[in-house]
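As a plain string of letters, each chain reads:
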Amino acid sequence: MSDDITQQKQTAVNWFRSLRDRICAEFETIEAEFAPQKQTPVKFKREYWQRTDEVTQADGGGGEISILHGNVFEKAAVNISVVEGSFSEKFRNEIPGGKESDGKFWASGISLITHPLNPFVPPVHMNTRMIVTAKKWFGGGIDLNPIFPNDADTTQFHDALKQLCDRHHPDYYPKFSKKADDYFTIIHRNIKRGVGGIFYDDLANDWQQDFEFTKQVGQCFLEIYPEIVRAHINDVYDESHQEQQYIKRGHYTEFNLIYDRGTRFGLMTGGNVNAVLSSLPPLAKWP
């Protein structure tokens, strides 16, 4: 393996870790702002995990789960991982370059979800990753999943993503927003999971440019989502709003268990089950 690839891997890992720290710090700040004066603000609890590669039985890397249960975020999970090993013969054909690398892979990334307590604070999902097989590429995206869609929030969210994409390529926003609309669809219900965002995969043009774009996806998340949370943190709600929240969470659960590529990748590569399924909401209902 060339020194360039080794350095690129470490650079990506350092970024994902630093982004995790910044996001956790911002969420804890929001919790502290909202907490009653005499209540100690909640903090993320961190758990480290290691994996043994299922194919080679060698050290397969691992990751860190950061979980928060608070007054604003009923559940927030911000996870990072650095894993390597070999895909099974069946799964390697589903991953770009997996067949050509004889199943050998390396992957690192960050993945987060929020399930706010207030039904008017929209849940969000964000992940970015770097994967190396016979190819090396970046993927990821952000999507907003409000229980009660708000036109102003949706416009603000998409405007920020469009500005980010337009700084890199005029085709990125129309291409990646359409991919998000197509991907984040609960097919068996024929409904969208939320109000969309951007989704990209197999981004393999120039490594430095692709990495810079991926970094700015994370930075954009930090700029826009906390603003939306603070705008609705004190909105008044009742049991009827909460009931709708639980049903929408049920739909979210269905998508993540049936269609989500990250869930499938984690389970098919022997990832930590608690980390892989940390995206699921704490409470959900089905009518």
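What you see is a predicted model; the values in this text were computed from it and never measured.

Digging into helix α3 (residues 151-166)
Next up, step 1: With 16 residues, α3 ought to run about 22 Å at 1.5 Å a step, and its terminal C-alpha atoms sit 22 Å apart, in line with that.
Next up, step 2: Looking at the buried positions of α3, the neighbouring elements they touch are β6 (136-144), α4 (172-183), β9 (197-203) and α5 (207-232).
Next up, step 3: For α3, the N-terminal cap is Asn-150; the gap from its side-chain oxygen to the backbone nitrogen of Ala-152 is 2.9 Å.

Examining the pairing of strand β5 (residues 124-132)
Remember that side chains alternate between the two faces of the sheet whenever the strand is regular.
Next up, step 1: Within β5, nine of the nine residues are buried, leaving the element largely enclosed by the surrounding structure.
Next up, step 2: Burial along β5 is two-sided: Val-124, Met-126, Thr-128, Met-130 and Val-132 and His-125, Asn-127, Arg-129 and Ile-131, pointing in opposite directions, are all buried.
Next up, step 3: In this sheet, β6 lies alongside β5 in antiparallel orientation, the contact comprising nine bridges. The partner of Arg-129 across the bridge, within β6, is Gly-139.

Concerning the layout of surface pockets
Next up, step 1: Size it by volume and the largest pocket reaches roughly 1000 Å³.
Next up, step 2: Secondary structure elements with two or more residues in the lining of the largest pocket: β3 (73-86), β4 (104-116), β5, β9, α6 (239-258), α7 (261-268) and α8 (273-276).
Next up, step 3: With seven residues, the single largest contributor to the lining of the largest pocket is β4.
Next up, step 4: A class-by-class count of the residues in the lining of the largest pocket yields 21 nonpolar, 17 polar and eight charged.

Notes on α6
Turn by turn, an α-helix covers 3.6 residues, leaving residues three or four places apart pointing in a common direction.
Next up, step 1: Between its first and last C-alpha, α6 extends 29 Å over 20 residues, near the 28 Å set by a 1.5 Å rise per residue.
Next up, step 2: Buried within α6 are the following residues: Gln-245, Tyr-246, Ile-247, Arg-249, Gly-250, His-251, Tyr-252, Thr-253, Glu-254, Phe-255 and Asn-256.

Comments concerning empty space enclosed by the protein
Next up, step 1: Enumeration according to the criterion identifies one cavity of 30 Å³ or more in this entry.
Next up, step 2: The computed volume of the largest cavity comes to approximately 30 Å³.
Next up, step 3: Looking at the largest cavity, the residues that line it are Ala-180, Asp-181, Phe-184, Lys-192, Arg-193, Gly-194, Val-195 and Gly-196.
Next up, step 4: In the lining of the largest cavity, the residues fall into three nonpolar, two polar and three charged.

Here's the deal with the pattern of salt bridges
Next up, step 1: Following the criterion strictly, the structure yields 18 salt bridges and no others.
Next up, step 2: Put simply, Arg-17 and Glu-64 hold a salt bridge, and the shortest N to O gap is 4.0 Å. Residue Arg-17 is located in helix α1 (residues 3-34), and its partner Glu-64 is located in strand β2 (residues 59-68); the two are separated by 47 residues in the primary sequence.
Next up, step 3: On the accessibility criterion, Arg-17 (31% relative accessible area) is partly exposed.
Next up, step 4: Across the salt bridge formed by Glu-26 and Arg-230, the nearest N and O atoms sit 2.9 Å from each other. Taken as a pair, Glu-26 in helix α1 and Arg-230 in helix α5 lie far apart in primary sequence, 204 residues in all.
Next up, step 5: In the salt-bridge network here, residues are joined through shared partners; they are Arg-17, Arg-20, Asp-21, Arg-46 and Glu-64.

Description of the nonpolar core
Next up, step 1: Grouped together as the largest cluster of nonpolar side chains are 52 residues, with contacts concentrated most on Ile-23, Phe-27, Phe-73, Ile-198, Phe-213, Phe-221 and Tyr-225.
Next up, step 2: No other element matches the 11 residues that α5 contributes to this core.
Next up, step 3: If sequence neighbours within four positions are ignored, Ile-198 has contacts with Gly-140, Gly-141, Ile-142, Leu-161, Leu-164, Cys-165, Tyr-173, Phe-176, Ser-177, Ala-180, Phe-213 and Val-217.
Next up, step 4: Among the nonpolar cores identified, the runner-up in size contains 16 residues, and Ile-67, Phe-91, Ile-95 and Ile-113 belong to it.

A closer look at the pairing of β4
Next up, step 1: Of all 13 residues that make up β4, 11 are buried, and the element is covered over most of its length.
Next up, step 2: Relative to β4, β3 runs antiparallel, the two being bridged by 13 bridges. Across the sheet, the residue bridging to Val-78 is Leu-112, located in β4.
Next up, step 3: Sheet topology note: the β4/β5 ladder contains nine bridges and is antiparallel. Counterpart to Gly-109 in the pairing with β5 is Arg-129.

Topic: the side chain of Glu-64
Next up, step 1: A relative accessible area of 10% means that Glu-64 is categorised as buried.
Next up, step 2: For Glu-64, the side chain forms a polar contact with the side chain of Arg-20, separated by 2.7 Å.
Next up, step 3: Among all residues touching Glu-64, those that are not within four sequence positions of it are Arg-17, Arg-20, Arg-46, Glu-47, Tyr-48, Trp-49, Val-78, Asn-79 and Ile-80.

As for the confidence of the model for the protein
The predicted coordinates ought not to be read in detail in places where the model reports low pLDDT.
Next up, step 1: When pLDDT is averaged across the protein, the result is 93; 99% of the residues are at 70 or more.
Next up, step 2: The least confident element of the protein is helix α2 (residues 89-92), whose mean pLDDT is 82; the most confident is α3, at 98.

Calculation rules
- Residues numbered from 1 in each chain as written.
- Predicted model: local features only at pLDDT ≥ 70, side-chain atom pairs only at ≥ 80, totals over all residues.
- Heavy atoms only, no water.
- Helix = DSSP H or I, 4+ residues; strand = E, 2+ residues; numbered from the N terminus.
- Expected span 1.5 Å × (residues − 1).
- Contact = heavy atoms within 4.5 Å.
- Polar contact = N/O pair within 3.5 Å; in protein donor to acceptor, adjacent residues only side chain to side chain.
- Buried < 20%, exposed > 50% of the residue type's maximum accessible area, 1.4 Å probe, protein only.
- Pairing = 2+ DSSP bridges.
- 1 Å grid on protein atoms, 1.4 Å probe; cavity = no way out; pocket = protein on both sides within 12 Å on 5 of 7 lines; lining within 4 Å.
- Points joined across faces, edges and corners; volume = space filled by probe spheres on them.
- Nonpolar A, V, L, I, M, F, W, Y, C, P; charged D, E, K, R; others polar.
- Salt bridge = Lys/Arg side-chain N within 4 Å of Asp/Glu carboxyl O.
- Core = buried A, V, L, I, M, F, W, Y, C linked by side-chain atoms within 4.5 Å.
- pLDDT = per-residue confidence, 0-100.

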